Structures are given as structure tokens and as C-alpha cells.
Amino acid sequence: QQPVQSPQAVILREGEDAVINCSSSKALYSVHWYRQKHGEAPVFLMILLKGGEQMRHEKISASFNEKKQQSSLYLTASQLSYSGTYFCGTRDAGKSTFGDGTTLTVKP
Amino acid sequence: NAGVMQNPRHLVRRRGQEARLRCSPMKGHSHVYWYRQLPEEGLKFMVYLQKENIIDESGMPKERFSAEFPKEGPSILRIQQVVRGDSAAYFCASSLGSDTGELFFGEGSRLTVL
């Protein structure tokens, strides 16, 4: 079962903040976040493991609440380079499945 | 320092022909994954392989599609008798571990069926 992401799309001005959510109906042991720019390959941002720890990648951070089976990605003071589609991924017995993605557009 | 290498990057086939997509994982990685992505859509899992073994093919269509990852050489995704609906970007990813490691993606192979 693939994770569910929300919102589907976000439009921001440079410097604004955004939150992307990812939830699963199955128990989560880890959550991965990736960003894909148009016409390119997805690129790994961070992985979160059990324990509710937060990770950071530049000004992008994420949290993971395994009890709620949710993860959130926080984009702070967004830059033009943050534009792209963000995917959360979960792994189960080695198999990785992804949400449908959240398209982020940052405008000047 | 090669990453995941996929070829061809672009492939055009006529309906009924065969398409073969190749993926060489990162050095030292023995876990390979194939995903299909339609325009403006997400990454749909197709198959997960380790060397010489198919671990999970629950996302593969039961007919016309097959995948392998031989002891020597790249992983191959094979689509027989292609139809227009097979047109998509096919991404390969590799990882070091099976449960917690990050996935490294190739640049994708874009299949167009005329």
C-alpha cells in the first residue's frame, strides 16, 4: 500500500514556508524523502528512522512519528531551487513504494 | 565515480516490437528496483531484484513484462509486444541495503511507442 501525500500541489513566493505531509495505513519503520525536478531523476533528500528524530537538508527538515504513521517535510524560507515534485517513500521487506508526490512551485 | 547508469536514455518502438531497458547499479549495490512514471504522475513500483533473484514483482504486469538481474551484467527490464500505453519513463534505482538505505536513481529511460 503506497503512502498518501498532501497537499498535491503548493505555490509559494520566495521566502515563504511550506509543509508536506505523508501518511501510511501500515506501520512505518522508515520514511525517505526525494525531490524530482522536471525531466530529471529523483534525488534523495533524507531518511528518517524509528524514534521520531528530525533530519535536515539545508533549510529543509523533516519529522517522523511512527505511532501516528506520519512524516512531515518542512521547507523553510523557500528558494527558487526548491521547486520540484517531492515524494515520500516507505520500505517494507525491501520493497520501496512512493506517494503520488507534491508539486512545489516557488515564484520570485 | 559512476552512479546508476541506465540505457538507452530514449527509445522509440512501434507497436508490437520489443523494448529492452538496461540498468547498471552503483558499484557495490546488489539491490535493484524498477519504477514506471507516466507524465505528471508518481513513481509506480514494478519490481525489486537482488543478484539472480526476483524478490518482489508485485507491480509488474503479468503479461509482456519481465525483469532479470544476472550474476554478471546489468539488470534488464524487457517489454514484449509493446503497446502505446507502455509509453513512460522507466527509472531504475539501486541501494546498498534492503530496508533502510537510500535509493540512488538513474536518469531514466524514456520509452515512446508509436
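Cut-offs and rules
- Here the residue numbering is sequential within each chain, running from 1 through the sequence in written order.
- Going through the entries in the order they are written, you letter the chains from A and number the ligands from 1.
- A pLDDT threshold of at least 70 governs which residues receive local features in this predicted model, and a stricter bar of 80 or more applies before side-chain atom pairs are shown or counted, although totals over entire chains, interfaces and linings include all residues.
- Derived side-chain values reflect all non-hydrogen atoms in the structure, with water molecules and hydrogen atoms excluded from consideration.
- Pairing between strands is defined by DSSP: at least two bridges between them are needed.
- Think of it this way: any DSSP run of H or I at least four residues long counts as a helix, any run of E at least two long counts as a strand, and we number them from the N terminus.
- The convention used is that axes are lines fitted to C-alpha atoms, helices contributing only their stretch in contact, and that angles between N-to-C directions extend from 0 to 180 degrees.
- For the purposes of this analysis, a disulfide is any pair of cysteine sulfur atoms at a distance within 2.5 Å.
- Each residue is placed in one exposure class: buried if its accessible area under a 1.4 Å probe, protein chains only, is under 20% of its type's maximum, exposed if it is over 50%, and partly exposed if it falls in between.
- The contact rule is simple, with two residues in contact once any of their heavy atoms fall within 4.5 Å.

Trainee: Would you explain the sheet that holds strand β1 (residues 5-7) of chain B in this entry?
Mentor: The strands making up a sheet associate through backbone hydrogen bonding, with each pair oriented either parallel or antiparallel. Residues and elements named next belong to chain B. The strand order across the open sheet built from four strands is β1-β3-β8-β7, with neighbouring strands paired in antiparallel fashion. Both edges of this open sheet fall to β1 and β7 (65-68), since each of them pairs with a single strand only. Across the sheet, the mean angle separating the axes of adjacent strands is 15 degrees when strand polarity is ignored. Pairing analysis gives four bridges linking β7 to strand β8 (residues 75-79), with the strands arranged antiparallel. When the sheet's bridge partners are listed, Ala67 is paired in β8 with Leu77.

Trainee: When you look at the state of the cysteines in this model, what are you seeing that I'm missing?
Mentor: In a disulfide, the sulfur atoms of two cysteines are held together by a covalent bond. Under the definition given, this model contains two disulfides over all chains. Residue pairing for Cys22(A): its cysteine sulfur links by disulfide to Cys88(A), the two sulfurs lying 2.0 Å apart. An S-S torsion of about 75 degrees defines the bridge between Cys22(A) and Cys88(A) as right-handed. Placement of Cys22(A) in strand β3 (residues 18-23) and of Cys88(A) in strand β9 (residues 84-92) is noted, with a sequence separation of 66 residues between them. Covalently, Cys23(B) is tied to Cys92(B) through a disulfide, its sulfur atoms 1.8 Å apart. Between Cys23(B) and Cys92(B), the disulfide has an S-S torsion of -55 degrees and is therefore left-handed. On the criterion of sequence distance, the pair formed by Cys23(B) in strand β3 (residues 19-24) and Cys92(B) in strand β9 (residues 88-95) is long-range, its members being 69 residues apart. For the pair Cys23(B) and Cys92(B), one class covers both residues: buried.

Trainee: Can you help me understand the environment of Thr105(A) in this one?
Mentor: Residue and element names in this part refer to chain A. In this fold, Thr105 is placed in strand β11 (residues 102-107). Looking at Thr105, the relative accessible area reads 31%, which means it is partly exposed. Once the C-alpha coordinates of Thr105 and Leu73 are considered, the two residues, 32 residues apart in sequence, prove to be 15 Å apart. Look past the residues within four positions of Thr105 in its chain and what remains in contact with it is Val10, Ile11, Leu12 and Ser83.

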